[in-house]
Amino acid sequence: MADYYERLGISRDATTEEIKRAYRKLALKYHPDRNEGSREAESRFKEVTEAYEVLRDPEKRSTYDRYGEQGLRGSPGFGGFDFSDAIEIFMRDFGGFGGFEEIFGGRRGGRSGRRDPGKGPTIRVRLPLTLKEVRTGVTKKIRVALLEPCGGCEGSGASPGTSPTPCRNCGGTGEERHVQRSVFGQFMSVGPCRVCGGEGRTIEQPCPECRGEGRVNKDRELEVEVPAGVGSDNFLTLRGRGNAGPRGGPRGDIIVLLEVQDDSRFLRDGENLLHELSITFSQAALGDEVEVPTVDGTVRMTIPAGIQSGEILRLRGQGLPGLHGRGRGDQLVRVRVWTPQHVSPEQERILEELRELETPPPQGAERGEEKGFWAKFKEAFS
Ligand SMILES: [Zn+2]
Ligand SMILES: [Zn+2]
């Protein structure tokens, strides 16, 4: 398998910032929710996350630089890296907004004794958004199929009138001891009870409605508050609002994947929006007042006389807000002078007359255009 640096496509002297950026880009590309559960994408996701988790940590990184992957074996948290670890790492660093939501905290770590019924599984839903919704922020309703506590048994899983009883196999402790023999001798190991799954209780007469699960499938409608300024790489976590756990276990989370839909009129560049406007030669030469589409509707804009094709006009504050409500981007309007491809006989006559009168345009350096400025946006529009 490829070197960690190669997996992230970065050089060996990449900064932490570069590592983060490279990983984020690849993780979003291979994220299972964006790849219809493709096995290939899943394994790439795992590979890049593993590389990221090592390289972002200066200590692990220097160990890796000196001893390679071998050097990391046995270090805490590195005994068998699986897909759910990868998801957990990704959500830890890139889920939510700027990390003020702690996600999936404390799943790892030794647990002994009776365990409470598990938490409901996390589900992911997609939420399409328009640019207009991104501009204002929006409260949206989403429909999700959830596991809800069963009404028949009030979530216990036991048939009405009965209740769960202590597990006979483990005596209610939830633990089971095994004697193992190895070349080093005999030793005891403790694991969760196989009969009750560690819950310490079993159900003699399962509830007929949920067959002892304590939960049933139901369609639910939830309200989601989407803050202004989000992008397609943001997630929202609805903590404890997802699937009910089995037999009274706590609800899991819902992760809402935001998908900002393309709007053919605009290109988004962070908080700024780019729009291309075609005008006629006479509008460019004489100036004009025109209507320009914005995310909200339209605004009137003045085209100054003598504008050149490719010049950019700025509509202040007509872009998108920053994620934390700070500031607001602009809408940049790139003006393009449209040359007619078909002209009427009368237009032709006037243009012929104009040709006799006009002075030749300046060439090259004489034009004195702001080349750097133009080059910056050229890429965005091509
Ligand atoms: Zn039930
Ligand atoms: Zn048991």
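The structure this text deals with has already been given above.
Residues numbered from 1 in each chain as written. Chains lettered and ligands numbered in written order. Predicted model: local features only at pLDDT ≥ 70, side-chain atom pairs only at ≥ 80, totals over all residues. Heavy atoms only, no water.

Peer 1: Could you give an account of helix α2 (residues 16-30), naming the residues involved and the relevant values?
Peer 2: For α2, spanning 15 residues, the distance from its first C-alpha to its last is 21 Å, which sits close to the expected 21 Å at 1.5 Å a residue. Buried residues of α2: I19, A22, Y23, L26, A27, L28 and Y30, and no others. (Helix = DSSP H or I, 4+ residues; strand = E, 2+ residues; numbered from the N terminus. Expected span 1.5 Å × (residues − 1). Buried < 20%, exposed > 50% of the residue type's maximum accessible area, 1.4 Å probe, protein only.)

Peer 1: An account of the coordination of the zinc ion (ligand 2) is needed here, citing residue identities and associated values.
Peer 2: Note on the zinc ion (ligand 2): its protein donors are C167 (SG), C170 (SG), C193 (SG) and C196 (SG). The metal-donor distances range over 2.3 to 2.4 Å. What the 4 donor atoms of the zinc ion (ligand 2) show is an angle range of 100 to 117° at the metal, which sorts the shape as tetrahedral. Each donor residue of the zinc ion (ligand 2) belongs to the same chain, with the gaps between them written as C-x2-C-x22-C-x2-C. Taken together, the positions of C167 in the loop between β3 (165-166) and β4 (175-182) and C196 in the loop between β5 (185-192) and β6 (201-202) put the pair 29 residues apart, joining distant regions of the chain. The burial state of C167 is the same as that of C196; both residues are buried. (Donors = N, O, S within 2.8 Å, 3.2 Å for Na, K, Ca; no water. Tetrahedral: all angles 85-135°; square planar, octahedral: opposite > 155°, others 65-115°.)

Peer 1: Let's hear about the pattern of salt bridges: which residues, and what values?
Peer 2: Taken as a whole and judged by the stated rule, the model has 29 salt bridges. Ionic pairing is found between E175 and R177, a salt bridge with its closest N-O pair at 3.5 Å. Several salt bridges share partner residues, and in doing so they unite D3, R12 and D65 into one network. (Salt bridge = Lys/Arg side-chain N within 4 Å of Asp/Glu carboxyl O.)

Peer 1: So what's going on with the nonpolar core? Residues and values would help.
Peer 2: The biggest cluster of nonpolar side chains holds 31 residues, and the ones touching the most others in it are L8, I10, Y23, F45, L55 and F90. Mapped by element, the contributors of at least two residues to this core are α1 (4-8), α2, α3 (39-55), α5 (83-94) and β9 (254-260). Two domains each donate at least three residues to this core, and these are domain 1 (1-94) and domain 2 (96-103 + 111-150 + 213-260). When residues no more than four places from it in sequence are discounted, the contact partners of Y23 are L8, F45, V48, T49, Y52, A86, F90 and F94. Counting 24 residues, the second-largest nonpolar core is a separate cluster that includes L131, L222, V230 and L236. (Core = buried A, V, L, I, M, F, W, Y, C linked by side-chain atoms within 4.5 Å. Domains from an automatic or database assignment. Contact = heavy atoms within 4.5 Å.)

Peer 1: I'd love a proper account of the packing of α2 against α5, names of residues and values included.
Peer 2: Helix packing geometry: the angle between the two helix axes and the distance between the axes. Here α2 crosses α5 at 125°, and the two axes come no closer than 12 Å. Overall, the two elements α2 and α5 adopt an arrangement that is oblique. Helix-helix and strand crossings are classified by hand; for α2 and α5 the assignment is left-handed. Contacts between α2 and α5 involve K20, Y23, R24, A27 and L28 from the former and A86, F90 and F94 from the latter. Looking at side-chain class alone, the contact of α2 with α5 contains 6 nonpolar, no polar and 2 charged residues. (Axes fitted to C-alpha atoms, helices over the stretch in contact; angles between N-to-C directions. Parallel < 35°, antiparallel > 145°, perpendicular 65-115°, else oblique. Left-handed = near helix turned anticlockwise from the far one by under 90°. Nonpolar A, V, L, I, M, F, W, Y, C, P; charged D, E, K, R; others polar.)

Peer 1: Please give an account of α3 that cites residues and values.
Peer 2: Taking 1.5 Å of rise per residue, 17 residues should cover 24 Å, and α3 covers 25 Å from first to last C-alpha, within 8% of that figure. If you check which residues of α3 are buried, you get A41, E42, F45, E47, V48, T49, E50, A51, Y52, E53, V54 and L55. Residues of α3 that are buried make contact with α1, α2, α4 (58-67) and α5. Between the side-chain oxygen of the N-cap and the backbone nitrogen of E40 there are 3.3 Å, and the N-cap of α3 in question is S38. (Polar contact = N/O pair within 3.5 Å; in protein donor to acceptor, adjacent residues only side chain to side chain.)

Peer 1: So, unusual backbone geometry: which residues are in play, and what are the values?
Peer 2: We note that R211 has phi near 55°; this positive angle belongs to a residue other than glycine. Unlike most non-glycine residues, R247 shows phi in positive territory, near 40°. For R247, a relative accessible area of 23% corresponds to the partly exposed category.

Peer 1: Which residues make up the coordination of the zinc ion (ligand 1), and what values go with them?
Peer 2: Those protein atoms acting as donors to the zinc ion (ligand 1) are C150 (SG), C153 (SG), C207 (SG) and C210 (SG), and they sit at 2.3 Å. The coordination sphere of the zinc ion (ligand 1) comprises 4 donor atoms, whose angles at the metal cover 104 to 115°; the geometry is tetrahedral. In primary sequence terms, the donor set of the zinc ion (ligand 1) follows C-x2-C-x53-C-x2-C. Separated by 57 residues along the polypeptide, C153 in the loop between β2 (138-149) and β3 and C210 in the loop between β6 and β7 (215-226) bring together distant segments of the chain. Assigned by exposure class, C153 and C210 land together as buried.

Peer 1: Kindly report on the environment of G157, identifying the contributing residues and their values.
Peer 2: Topologically, G157 is positioned in the loop between β2 and β3. For the pair G157 and R215, spaced 58 residues apart in sequence, the C-alpha separation works out to 7.6 Å. Beyond its immediate sequence surroundings of up to four residues, G157 is in contact with I203, Q205, P206, C207, C210, G212, G214 and R247.

Peer 1: A description of the packing of aromatic side chains should follow, citing residues and the corresponding values.
Peer 2: Counted under the stated rule, the structure contains 6 aromatic pairs. Centre to centre, the rings of Y5 and Y64 are 6.3 Å apart; their planes meet at 40°, and the pair counts as tilted. Of the two residues, Y5 is situated in helix α1 and Y64 in helix α4; the sequence distance between them amounts to 59 residues. With relative accessibility at 6%, the residue Y64 sits in the buried group. Judged by centre distance (5.7 Å) and plane angle (75°), the ring pair of F90 and F235 falls under edge-to-face. Taken together, the residues F90 in helix α5 and F235 in strand β8 (residues 235-238) connect sequence positions 145 residues apart. An identical accessibility class is assigned to F90 and F235; each is buried. (Phe/Tyr/Trp six-rings, centres within 6.5 Å; stacked < 30°, edge-to-face > 60°.)

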